[in-house]
Amino acid sequence: MTRRTRALRGFQPLRDLPAVVWLMLLVPIALAHDLVPAPRWLMIHLLLLGAVSHSILVWSKHFADTLLHAAPRLHDARHQSIRLGTLNLGAVLVVVGVPTGLWAVTVAGAAAITVAVVWHGAGLIARLRRSLPSRFGPTVRYYVAAASLLPFGVALGVTMARGMDPTWHPRLMLAHVTVNVLGWMGLTVVGTLVTLWPTMLRTRLVEGTERAARQALPVLVGAVLVTATAALLGILPLVALGLAGYLLGLGLMGRFVFLAARGKPPTSYPTWSMLAGLVWLAGTVAALAVAVGTAGSMGEAHERLEWLTPALAAGFGAQVLLGALSYLVPVALGGGPAAVRAANTALDRGGPLRIVMVNGGLLVAVLPSPEPVRRLCWVLVIAGLAAFVPLLFAAMRAARRPGRAPAEQVPASQRGPASPTEPRPHGQVAGLAAVGLAAVLLAVVAGTALSRSAVADRPDAGTVSPTGRTTTVHVRAADMRFTPSTVHVPAGNRLVIDVTNTDEGDVHDLVLENGADSGLLSPGQSGRVEVGPVEHDLDGWCSVGDHRAMGMVFHVAVTGTSGHPAAERAASASGHAPNAASLLDFSKDPGPGFRPHDAVLPPLEPGPVHRRTFTVSEVERAVAPGVRQRLWTYGGTAPGPTLHGRIGDTFVIRLVNDGSMGHSVDFHAGSLAPDRPMRTIAPGKSLTYRFTATRAGIWLYHCASMPMSAHIANGMFGAVVIDPPHLPPVDHSYVLVQSELYLGPQGGSVDMAKLHAEKPDEVVFNGYADQYDHSPLRAEVGHRVRIWVLDAGPDRPTSFHVVGGQFDTVYAEGAYRLRRGDPGGSQALFLGPAQGGFVELTFPQPGHYPFISHVMTDAERGAHGMFEVTR
């Protein structure tokens, strides 16, 4: 063997390590199932997209080179390393991007995976063209066909990650699984079986296998294309027909798999694991064909696909992968016959036990059974599969020190040519298998006991027993509604609610009164609410902001039972905190550390373009002495920053949403189509809003997300002052923005019931009750004071009045009603919500001049302040 050949061969063990890393990541995800986003999706993709796809690229190239008698070349090794790096980087980006909703990251990952696989397929085609005809050429064509299909499956997955109309999700999902699992994985496995299966069994190739492989390839590829296309078109009978065609293709090859196994039965973990995986593939495809063919709708077909997907992933994908690696890794490690035998022996430890645990546990888990039984059986499945990782490291150690292997692990009969481990004695095989079966039975018994205990502990237990069946419903969250808003579940059925947020900019969730919830869902994201056996009606709602009060509620109605009292309804979103309104004391002093909102009009900035960043934040702020509310704000204050400009000035506002729900902004000072700049953006998103001020006045800006009343009442408003032409200077310019507060619990947010009833607890200037009584605005005798007033609402008008003062200038809604020098005067400036103007006056003598809204009940609810006038 040349140095170059040895160097090339040395790469092989290292190239299997990423697959092992992907497998190792499955364990913490499984253990922290309830703490990570989309755990089911993550586990399936860590296994299939990560570990399996990496191994396909590694070993399909290896087999292609071997079968086509291609001499190894150094640049091939470099190219392969780059392909594998690109594939794994893409997989990392996808498993990060999809659960977090980072669309750009997901697209980048999908692009990397596509590049790696297309490059891989192109390399295989080039080798086929350069090589002499080979009896095993059809195997390489399987690999080429598989590589050609995966980019389409990736595109389908990316489309689902982006979000779509819920009616399309089941179609895309079925097509995605078909192309990726039956196409990319299935074709690769079936093609490899032609030579790998008899090699693993150490028997001859059954006559006719090559011919069957050539016949099966077009059948399998055609079946995948038909099934995926029919799924996208929503033609369920054609989907079932395509799956039946795939079974036919499997049958053409399965006959020879069976003949080889009959001649030389499996005796080791690799062969049993490979055979079990193939059985799960055929069985799952058959079950799916029946399930789809009998489904009444695409949604029902999707539900049945989701039930069978773990069987495809764990039963087929994981077992075929681990069986193949358990056989191939010792060969790749090399080191001579003794080292290969030692590694084989290590990887075969506990084989019958692991096979029975995995397959018995998986069979129970996919059949109708109580939730605790399913969970315990999944623990067995994961444990049986995860045992491969420590055994692999044990095999690597054993291969480096084959002479130190215990005698019972390396029988004397194996000290000749390298071979798999000797068959175990029948008693040992039966004993290990019996232990595995006992573990499965114990899981069933323990899970059943836990299920009965949980039922017995419930106050209304004993009247409804778990049925072992599952009802899965698909719910869309959009436009402040759940669709459907009511679902019916047979008593005792386990309920699974798949929720998809189809809103363009808002965040939603679904929370049930028993504590089950979907987690926060950004636009386009989906989540799952898993409920145990349902015995009584349940209420649900969206817990984001005021969405529940806006009608975003949900109801689970139980059928098939009578007399079941509903559980006590969930506590309101306010929890047990005291209502902040009970803490109101308008005579109370806010204390020495109080700092009022700065009412001084900001000076004009130089230049015609003004750039600002408005960061949406949710902050707890005092709104009266001893009263705190969690406000939604622009820049941390309510009202938000005051903007000041001239006619013709352009404002470029970057809105950044750092809140927990969707928000937006609407500037009344600009005139433009609202479709894009005023759209609601999700948390973590931003937009740029550009407008030019063409008319003078004091203009409102506010959040335009639904319900606008709540967003404005909870702090999302501010003022833009555009000076009228030739506006004369004054000694003092102040800005007062009146708004209402509908207090929720202490430290909570707006009370929607009070808002709908139009019963504010406070009416305030610049966000805090009576704040300018405690920190008066300053003026001097004879100095001219201009007061810009804006009514932000959302509902109450104002009649602005200065006690002891008279206005000689009044400007309202873009026009002067009174000018300095006119003989008349004004006592109040009346404004409705979203109206504004200014008044001017001079104070005749020193003293304290209150300013109020002359809607007197509002003045008594906080719309009150003071001018302190000195000489």
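Quick caveat: nothing in here was measured; it's all calculated off a predicted structure.

Q: Explain the overall build of the chain to me, and be specific about the residues and the numbers.
A: Secondary structure summary: the chain contains 19 helices and 27 strands in total. Residue burial in the chain is summarised as follows: out of 871 residues, 52% are buried. Sequence separation of 24 or more characterises 76% of the internal contacts of the chain that already satisfy a separation of 6 or more. With the model as given, the accessible surface of the chain reaches about 36300 Å², and the carbon-plus-sulfur share is 60%.

Q: Please provide a residue-by-residue account of the side chain of Gln-771, values included.
A: Tracing the backbone through its elements, the reader meets Gln-771 in helix 18 (residues 771–774). Only 2.9 Å separates the side chain of Gln-771 from the backbone nitrogen of His-597, close enough to count as a polar contact.

Q: Please provide a residue-by-residue account of the packing of helix 6 (residues 169–201) against helix 9 (residues 269–293), values included.
A: Where helix 6 meets helix 9, the axes come as close as 11 Å, and the angle between the chain directions of the two elements is 145°. Judged by the sense of rotation from one axis to the other, the crossing of helix 6 with helix 9 is left-handed. Between helix 6 and helix 9, the residues in contact are Leu-182, Val-189, Leu-193, Leu-196, Trp-197, Met-200 and Leu-201 and Pro-270, Thr-271, Met-274, Leu-275, Leu-278, Leu-281 and Val-285, respectively. Among the residues making up the contact of helix 6 with helix 9, the classes are represented as 13 nonpolar, 1 polar and no charged.

Q: With reference to specific residues and values, describe the environment of Arg-400.
A: Its place among the elements puts Arg-400 in helix 14 (residues 388–400). Considered as a pair, Arg-400 and Ala-339 are 61 residues apart in the sequence and their alpha carbons are 6.7 Å apart.

Q: Report on the nonpolar core, specifying residues and quantitative values.
A: Nonpolar side chains in soluble globular proteins tend to be buried together. Within the largest apolar cluster, 132 residues are counted, with the highest numbers of intra-cluster contacts made by Leu-23, Leu-47, Tyr-142, Trp-184, Leu-187 and Met-274. What Leu-23 contacts, discounting residues up to four positions off in sequence, is Leu-47, Ala-51, Leu-321, Leu-322, Phe-388 and Val-389. Within the second largest apolar cluster, 48 residues are counted, among which are Leu-521, Val-556, Val-616 and Trp-632.

Q: A description of the packing of aromatic side chains should follow, citing residues and the corresponding values.
A: In the structure shown here, the tally under the stated rule is 25 aromatic pairs. Seen from their ring centres, Phe-482 and Phe-554 are 6.0 Å apart, and the 75° between their planes marks the pair as edge-to-face. Within this pair, whereas Phe-482 is found in strand 2 (residues 481–483), its partner Phe-554 is found in strand 8 (residues 553–559), the two being separated by 72 residues in sequence. We note that Phe-482, like Phe-554, is buried. Grouping aromatic residues by their ring pairs yields a cluster made of Tyr-734, Phe-765, Tyr-772, Phe-800, Phe-807, Phe-843, Tyr-849, Phe-851 and Phe-867. Residue placement shows Arg-83 over the ring face of Trp-119; its charged tip is 5.0 Å from the ring centre. It is Arg-354 that lies over the ring of Tyr-269; its NZ or CZ is 3.8 Å from the centre.

Q: Describe the pattern of salt bridges, naming the residues involved and giving the relevant values.
A: A complete count under the given rule lists 14 salt bridges for this structure. The salt bridge partner of Lys-61 is Asp-65, with a shortest N-O separation of 2.8 Å. Residue Lys-61 and its partner Asp-65 are both found in helix 2 (residues 39–67); the two are separated by 4 residues, about one turn of the helix. On the accessibility criterion, Lys-61 (12% relative accessible area) is buried. For the salt bridge of Arg-628 with Glu-620, the shortest nitrogen-to-oxygen distance reads 3.0 Å. Relative accessible area serves as the criterion here: at 34%, Arg-628 is assigned to the partly exposed category. Taken together, the salt bridges that share partners define one network made up of Arg-784, Arg-786, Asp-808, Arg-820 and Glu-840.

Reading the values: rules and limits
- Residues numbered from 1 in each chain as written.
- Predicted model: local features only at pLDDT ≥ 70, side-chain atom pairs only at ≥ 80, totals over all residues.
- Heavy atoms only, no water.
- Helix = DSSP H or I, 4+ residues; strand = E, 2+ residues; numbered from the N terminus.
- Buried < 20%, exposed > 50% of the residue type's maximum accessible area, 1.4 Å probe, protein only.
- Contact = heavy atoms within 4.5 Å.
- Areas by Shrake-Rupley, 256 points an atom, 1.4 Å probe, with all protein chains shown as cover.
- Polar contact = N/O pair within 3.5 Å; in protein donor to acceptor, adjacent residues only side chain to side chain.
- Axes fitted to C-alpha atoms, helices over the stretch in contact; angles between N-to-C directions.
- Left-handed = near helix turned anticlockwise from the far one by under 90°.
- Nonpolar A, V, L, I, M, F, W, Y, C, P; charged D, E, K, R; others polar.
- Core = buried A, V, L, I, M, F, W, Y, C linked by side-chain atoms within 4.5 Å.
- Phe/Tyr/Trp six-rings, centres within 6.5 Å; stacked < 30°, edge-to-face > 60°.
- Lys NZ or Arg CZ within 6 Å of the ring centre and 35° of its normal.
- Salt bridge = Lys/Arg side-chain N within 4 Å of Asp/Glu carboxyl O.

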